[in-house]
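Here is how the chains run, residue by residue.
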Amino acid sequence: MNYQTILEDIQEEIKPLLGQGKVANYIPALGAIPISKFAMAIKTIDNKEYSVGDAEESFSIQSISKIFSFALALKELRAELWERVGKEPSGTAFNSLIQLEFEHGIPRNPFINAGALVMTDILTSTYNDPKQTLLDLVRELADNPKVNFDEVVAKSENEWGDRNRALAYFIKDFGNINNAVDEVLDLYFHQCSLSMSCLDLVRAFSCLANAGKTVGANKVIISERQTKRINSLLMTCGTYDAVGDFAYRVGLPGKSGVGGGIVAIMPGHFVISVWSPGLNESGNSLVGTKALELFTTKTKTSIF
Ligand code: GLN
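Calculation notes
Residues numbered from 1 in each chain as written. Predicted model: local features only at pLDDT ≥ 70, side-chain atom pairs only at ≥ 80, totals over all residues. Heavy atoms only, no water. Helix = DSSP H or I, 4+ residues; strand = E, 2+ residues; numbered from the N terminus. Rg over C-alpha atoms; globule rule 2.2 N^0.38 Å. Contact = heavy atoms within 4.5 Å. Areas by Shrake-Rupley, 256 points an atom, 1.4 Å probe, with all protein chains shown as cover. Lys, Arg positive; Asp, Glu negative; His and termini not counted. Charge placed at Lys NZ, Arg CZ, Asp CG, Glu CD. Phe/Tyr/Trp six-rings, centres within 6.5 Å; stacked < 30°, edge-to-face > 60°. Near = heavy atom within 4 Å. Polar contact = N/O pair within 3.5 Å; in protein donor to acceptor, adjacent residues only side chain to side chain. Nonpolar A, V, L, I, M, F, W, Y, C, P; charged D, E, K, R; others polar.

Trainee: Please explain the overall build of the protein chain as it appears in this structure.
Mentor: Per the secondary structure count, the protein chain includes 14 helices and ten strands. Taking 19 Å as the expected radius of gyration for a compact globule of 304 residues, we find that the protein chain reaches 18 Å, a close match to that expectation. Seen along its three principal axes, the alpha-carbon backbone of the protein chain occupies a region of about 55 × 40 × 35 Å. Put simply, of all contacts in the protein chain between residues at least 6 apart along the chain, 68% involve residues at least 24 apart. Surface accessibility of the protein chain: about 12,400 Å² in total, with carbon and sulfur atoms responsible for 50%. One finds the centroid of the 29 positive side-chain charges in the protein chain at a distance of 4 Å from the centroid of its 35 negative side-chain charges.

Here it is as structure tokens:
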């Protein structure tokens, strides 16, 4: 399969769509990103990489970071984790408060904001310096010591973070957050601010396509079983209330972020990432979703 040519064809095909959707503007640092940015990268499990566009340019990975914190929490808590978070799609927006009251502070899944806040609470309880532990993991996985938090974005997330603050206090009132809300939010805002490129992302998530082992170094990061579980949850919960549409069109487990990035996994074959900052109503990259749909259609590869 000539992935490079396929990526180049997709880059041409999506050109007329660039500019559609809306760049996230809840914080100024994100609103300033040009909507015309586009990048795609793939890493195969036989350690080949292909990319087009601004694939080495770092952007705010936002909710894609929820995979890192979930993977760490899963390693730490295992069975107990499922008393604190569910495994079902929410059918509501990523930052919705609605279900929490009916469901007594147990978020539907680890990939909506409420669930991610519970994961960051677990990491806050587990590690002395959870921000550093998370950053060390991401740097190791991406094989890039330069990956970092973007302090401007993190500060801005905090300044405009009243909805996340509300979620965290609400969950704490139900007894499902144990640490001080400010501490939990500090970790959450920093993880959202992680700045990475499309190439960093495919390297960092190569273990999800490779039964839990990094591609290249072959280091075991998570077990095969945990890998299956993370991918399953990404399939059913990774793109919020558009998860059905994403599954229908792309056919791969994936995770999006409001920075316009999406990562998708074809277990046993490759990891693919895309970046285009214009978002659809669900907060997923509009052109990014289209590019992934074109990719799985052209290559006839999907988990179905
Ligand atoms: N920082 C954003 C928030 O907490 C992340 C949301 C996202 O990427 N979907 O709301």
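Trainee: Help me out: how do you make sense of unusual backbone geometry in this one?
Mentor: Phi is mostly negative for residues that are not glycine, and the peptide bonds are mostly trans. Phi at Ala211 is positive, roughly 55°, even though this residue is not glycine. Within the secondary structure, Ala211 sits in the loop between α11 (206-209) and α12 (224-237). In this model, Asn218 sits at a positive phi of 60°, which is unusual for a non-glycine residue.

Trainee: It is not clear to me how the packing of aromatic side chains should be interpreted in this structure. Could you clarify?
Mentor: Centre distance and the angle of the planes are the two values used to describe a pair of aromatic rings. Summed over all chains, the structure comprises eleven aromatic pairs. Three or more aromatic residues joined by ring pairs make a cluster, and in this case those are Tyr3, Tyr50, Phe270 and Phe295.

Trainee: I keep staring at the site of the ligand and nothing clicks. Help me out?
Mentor: All residues in the neighbourhood of the ligand are listed as Tyr26, Gln62, Ser63, Phe94, Asn113, Glu157, Asn164, Tyr188, Cys192, Tyr240, Gly257 and Val258. Between Gln62 and the ligand, the recorded distance is 2.6 Å, taken from a side-chain N or O atom to a nitrogen atom. Here an oxygen atom of the ligand and a side-chain polar atom of Ser63 are 2.7 Å apart. Relative to its unbound accessible surface of 300 Å², the ligand loses 96% to contact with the protein. By residue class, the composition of the shell around the ligand is six nonpolar, five polar and one charged.

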